[in-house]
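Report on the structure
Residues per chain are reported as follows:
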Amino acid sequence: MCSIIGYSGVGKAAPLLVGGLQKMEYRGYDSVGVATLNSGKLLIRKGIGKVEEVNKSLGLKEMSGQLGIGHTRWATHGGIIDSNAHPHSACTTNLAIVHNGVIENHQELKEELLKKGHVFKSETDSEVIAHLLEHYWALKNDIKEAMMNTCNRLRGSFAFVAVFDDSTLCAARYDEPLIIGITAGGYFISSDVLGFLDYTDRAIFLDNRDIVLLEGNNLSIIDFDGEKVERTPTQVAWELADSDKGKYAYFTLKEIYEQSHTIFKSMQQKKESVETFCDIIANAKDVFVTGSGTSYHSALLAKHILSKYSQIRVETVVSSEFQYSSELLDENSVLIAISQSGETADVLQSVKAAREKGAKVLSIVNVTTSSLARLSDCFLEVKCGPEIGVAATKSFTSQLSIIYYIADTIGGNLTGISTNRMELSKAIEKSLELESKIAEFAAQIKDAKDIYILGRSNHFPICLEGALKIKELAYIHAEGIAAGELKHGPLALIDKNSVVIILNPDDSTYIDTLSNAHVVKSRGARLIGITNKPHLIYDYCIPIPYVKESLLPMLEVIPLQILAYHLALHNNANPDYPRNLAKCVTVR
Ligand code: M6R
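Report on the accompanying structure. Since this is a predicted model, take the numbers as computed values, not measurements.

Looking now at the site of the ligand. Taken together, 14 residues lie around the ligand, and Ser295, Ser339, Ser341, Thr344 and Glu472 are the ones closest in. Within the side chain of Ser295, an N or O atom sits 2.6 Å from an oxygen atom of the ligand. Coverage of the ligand by the protein amounts to 90% of the 410 Å² it exposes when considered alone. When residues of the shell around the ligand are traced back to their parent elements, those giving at least two are helix H9 (293-310) and helix H16 (460-474).

Set out below in structure tokens:
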């Protein structure tokens, strides 16, 4: 998605805005722009590319003024060109806005404004906000009214910040996150606390239909009808600020390496929350689990783990499809929503659909101030710290460790996650030591056109996850296949150019999966085994250490993450910022 930020205070706005945008760049990196107000004049600089590049070419940080707004874009409406970059002004340059979200009725509004003589300069849906504000401001010369009228005309999801040339900074939110950061010398308003956490941990989390008016040091919050709203400041955890790459070249690599200890943190839950969470599951008539992308793969594993180790029958539905299959839910059902960000639109839509049926909502979420956490009857915290790399890595293994923990709480320690966590952590460390070997191997297969990943049972979701990592990081077509399904069609694709990775650990799936390996080998494919019981059939073997059988999925995903990361480097892709993607997908 996009990131938006505004600042008004005693400091020079531009460097603060650019710094905040850099921290939030995971949300979108197609283009960047900043507008500042200096001596009553608005200056806008914007261009396509990442924050560092655009700052270098346009000197964003040098812009003068103590009031301003900034934006990084993940394009939805209109191509990736300079004119579509935010901030957008209207016909005159007496105001500018930055927007995150989608204005569903933008076409209709644009036609109305065109008839009034407004001239549009971009192909974006966002520009209508600037023109609406301009229109209503001109009508009554009252910014508060202009904000209310504008917000009431918009349909869809939005968070926007507007700067006016009379030195007012305003913002509003509906279904997109927006947070005020309070410092001694001024205020930030941004999409994520990371936008201001270097300067303050005091924050106000705005709600839907909140409008912020900031004139000088005077901050007030009203709703779309103009009623005053009270919002209490909260303190944000400072550890969220831990968003530096440290000694690592990329956030993604750092986050892969963090997993040997992040899996512990996720097991440190409040006792009452775990009890409530597990009671709700144990007493539900039926349990649905949902998530998108990587979090969906966690949901698929939840089905295996909860049914095998705690005898809970679970239905898993990917979030983008959930609304079409929610008829079965009622007030005795429970939906477990899994999400790193807690802001994924498809996940929030599933929650809405479940709520409409009267079902309870539980969530497993990393960002505890997110919409998902707030919409849940009870949530468990993933606690893996900020995940900046667009590809989910540590949040996946931490989500899994919570799922195992829940299964053990309900079923009586059958997965053994708590008792075997040291062993698991050491095994993850050992797998991380294979990085240079995996990097060499990645060089050998970097030109592959297709990579297939096969596995059975609880290894199948890991095949899907490994394939997703290779697709998004290295831009290579990759497919996770349930190994037994090979003969029902996919085998037709296999020839001597195919690269096939097989998850073949020493468990109840070993023999059957090995026989799939033979079938693939006889078609001439290059075969890679990820296993703790190596076999000569494999052209290349990535050895994984021994861990308790139930925990193998958490371990075998590590070499796949490392492989995807190194394939990305070999293919000159930036692992932190895969093309066309954003960390947090708040459109449906
Ligand atoms: O924040 P969420 O866990 O809800 O995000 C869901 C997906 O958008 C996310 O997992 C996405 O697929 C990642 N890029 C995968 O690496």
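A few words now on the packing of helix H14 (residues 421-432) against helix H18 (residues 552-570). Interaxial distance between H14 and H18 falls to 9 Å at its minimum, and their mutual angle equals 20°. As the angle between them shows, H14 and H18 are arranged roughly parallel. The handedness of the crossing between H14 and H18 comes out as right-handed. Here Leu424, Ala427, Ile428, Ser431 and Leu432 of H14 come into contact with H18, specifically with Met554, Leu555, Ile558 and Ile562.

This next bit is on the pattern of salt bridges. Tallied over the entire structure, the rule returns 24 salt bridges. Here Glu465 makes a salt bridge to Lys469, at a shortest N to O gap of 2.6 Å. Here the residue Glu465 and the residue Lys469 both occupy positions in helix H16, the gap between them amounting to 4 residues, near one helical turn. Lys469 shares its class with Glu465; the two are buried. Salt bridges sharing common partners tie together Asp207, Asp210, Arg231 and Arg374.

The next thing to look at is the side chain of Gln259. Looking at the element boundaries, Gln259 is found in helix H7 (residues 259-265). The contacts of Gln259, once residues within four sequence positions are left out, are Thr393, Lys394, Thr397, Ile428, Ile558 and Gln561.

Rules used throughout
Residues numbered from 1 in each chain as written. Predicted model: local features only at pLDDT ≥ 70, side-chain atom pairs only at ≥ 80, totals over all residues. Heavy atoms only, no water. Near = heavy atom within 4 Å. Polar contact = N/O pair within 3.5 Å; in protein donor to acceptor, adjacent residues only side chain to side chain. Areas by Shrake-Rupley, 256 points an atom, 1.4 Å probe, with all protein chains shown as cover. Helix = DSSP H or I, 4+ residues; strand = E, 2+ residues; numbered from the N terminus. Axes fitted to C-alpha atoms, helices over the stretch in contact; angles between N-to-C directions. Parallel < 35°, antiparallel > 145°, perpendicular 65-115°, else oblique. Left-handed = near helix turned anticlockwise from the far one by under 90°. Contact = heavy atoms within 4.5 Å. Salt bridge = Lys/Arg side-chain N within 4 Å of Asp/Glu carboxyl O. Buried < 20%, exposed > 50% of the residue type's maximum accessible area, 1.4 Å probe, protein only.

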